[in-house]
Amino acid sequence: MQRSSPRASAPSVFRSRRGALLARLALALALAPLCACPTVPKTPPQEPVVVEEPGNPEWVREPMSWRKLELIEQWLEVDATRHSPELVIEAKLQLNEGRLLFSRRDIENGAAPKETLQVRVESARKGFEEILADPAASAGARSRAQVGLKGAVALASAPTGKGVAIIRRQQWNARAPRVSNLTPLKGAWSRITVHHSAESTSDPRGGSLEDSAGTVRIIQKYHMDDPEHRWGDIGYHFLIDGAGRIFEGRELDWQGAHAGGSNNQQNIGICMLGDFEKRAPTEAALKSLQVLLDDLRGRYRIPAERVAPHNTYGTTRCPGPALTAWLKKYK
Ligand SMILES: [Zn+2]
């Protein structure tokens, strides 16, 4: 919870309502929304480019599989120089298309650790870049490499894991923000701060969706209407209840109002519903916090050291000792 009330929302640079709406639209287009379904361009189906001929290496006959990728890697290391540059480029294309294909599958199924996926997607990206820089690459090869590169870049910025289910503003009946009192995000998100709401309205174990939605609405009303605040919207970007439900707060187009003054810059605010001065959040709430933090960090490339409890930024005790200890251990 915010203690003092620095008016976090500087006067808007957008004078007219239309100007504000246009600016919002531009921001909305520029920033990918947090959602469970990353939009990643699909690679078109591969066409058989290399025909089977006597003397061609074994990988040519192999259908797309991990074994094929291994064969190509070995061949590139040992035999490639004895073959035509076209075949070498074809091998590199198939190797990196395979890396991308299997990464996409693993992300959909949550089947590989994110570090492994990052390394694999990065290898694919570099591989496609190499092909594009190779003067021997034909127009066809270059266009496949372009498609692959696009896919690798999109995959690198997509959240890893299965995504996060978010209860959207319209689902909890949020009031419309006062856009003129909000500050657009400047730069990229680079840190995350965790709070507790320090209220006793919310059910410690979560209660019903409607109960928690009611608490979130009370917090929004407090932040928007309280004479000490009068902010443009709820201060936090996300709120998590005792049952582990994650609520969308202030949209990520806007800087938050939760850590005080300039501490809000490029800082995503997450609030755990409840008062954790004397008790700890539920397991379900902590599990959702972990998933949300992992997702946001993957999406915005925020290192674990930049995830902090509110008390890092001031004299507040927020978010209480148990959650502070949990965050110190978070990686
Ligand atoms: Zn706080």
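Preceding this paragraph is the structure being described.
In this report, the structure presented in the accompanying data block is examined. From a predicted model like this one, the values you see are computed outputs, not experimental measurements. (Residues numbered from 1 in each chain as written. Predicted model: local features only at pLDDT ≥ 70, side-chain atom pairs only at ≥ 80, totals over all residues. Heavy atoms only, no water.)

**Side note on the packing of helix α7 (residues 283-300) against helix α8 (residues 321-329)**
Geometrically, a packed helix pair is captured by the angle between its two axes and the distance between the axes. Remark: α7 packs on α8, axes separated minimally by 12 Å, with the N-to-C direction vectors making an angle of 40°. For the element pair α7 / α8, the angle class is oblique. Here α7 and α8 pass one another in a crossing that is right-handed. Residues L286, L289, Q290 and L293 of α7 touch α8, and the partners they reach there are L323, W326 and L327. Its residues assigned to classes, the contact of α7 with α8 comprises six nonpolar, one polar and no charged. (Axes fitted to C-alpha atoms, helices over the stretch in contact; angles between N-to-C directions. Helix = DSSP H or I, 4+ residues; strand = E, 2+ residues; numbered from the N terminus. Parallel < 35°, antiparallel > 145°, perpendicular 65-115°, else oblique. Left-handed = near helix turned anticlockwise from the far one by under 90°. Contact = heavy atoms within 4.5 Å. Nonpolar A, V, L, I, M, F, W, Y, C, P; charged D, E, K, R; others polar.)

**Focus on the environment of L132**
Within the secondary structure, L132 sits in helix α4 (residues 114-133). The sequence separation of L132 and R142 amounts to 10 residues, and the corresponding C-alpha distance is 5.7 Å. Sequence-distant contacts of L132, that is, excluding residues within four places in its chain, are made with R142, A145, Q146 and L149.

**Some remarks on the pattern of salt bridges**
Scanning the entire structure with this criterion turns up 17 salt bridges. The closest approach of N and O atoms between R67 and E62, which form a salt bridge, is 3.5 Å. One connected set of salt bridges, linked through shared partners, spans E58, E62 and R67. (Salt bridge = Lys/Arg side-chain N within 4 Å of Asp/Glu carboxyl O.)

**A short note on the side chain of R191**
Its place among the elements puts R191 in strand β1 (residues 191-196). Buried and unpaired, R191 has no salt bridge, with E305 as the nearest side chain of opposite charge at 14 Å. Within polar-contact distance, the side chain of R191 engages the backbone oxygen of S262 at 3.2 Å. In this structure, R191 is in contact with S262, N263, N264, Q265, Q266, N267, I268, I302, R306 and Y313, ignoring residues within four places of it in sequence. (Buried < 20%, exposed > 50% of the residue type's maximum accessible area, 1.4 Å probe, protein only. Lys, Arg positive; Asp, Glu negative; His and termini not counted. Polar contact = N/O pair within 3.5 Å; in protein donor to acceptor, adjacent residues only side chain to side chain.)

**A closer look at helix α2 (residues 66-78)**
Along an α-helix, residues three or four apart share an orientation, since each turn contains 3.6 residues. Over its 13 residues, α2 runs 18 Å from end to end, which matches the ideal 18 Å to within 8%, given 1.5 Å per residue. Within the span of α2, buried status applies to K68, L69, L71, I72 and W75. All buried residues of α2 fall inside an arc of 160° around its axis, so they share one side. Opposite the buried face of α2, by more than 90 degrees, sit the exposed residues Q74, E77 and V78. (Expected span 1.5 Å × (residues − 1). Arc of directions from axis to C-beta.)

**Looking at the state of the cysteines**
Under the defined criterion, the tally for this structure stands at zero disulfides. The cysteine C271 is free of any disulfide, with C318 supplying the nearest cysteine sulfur at 7.1 Å. Among the residues examined, C271 registers a relative accessible area of 0% and is labelled buried. C318 sits in the buried class, given a relative accessible area of 3%. (Disulfide = S-S within 2.5 Å.)

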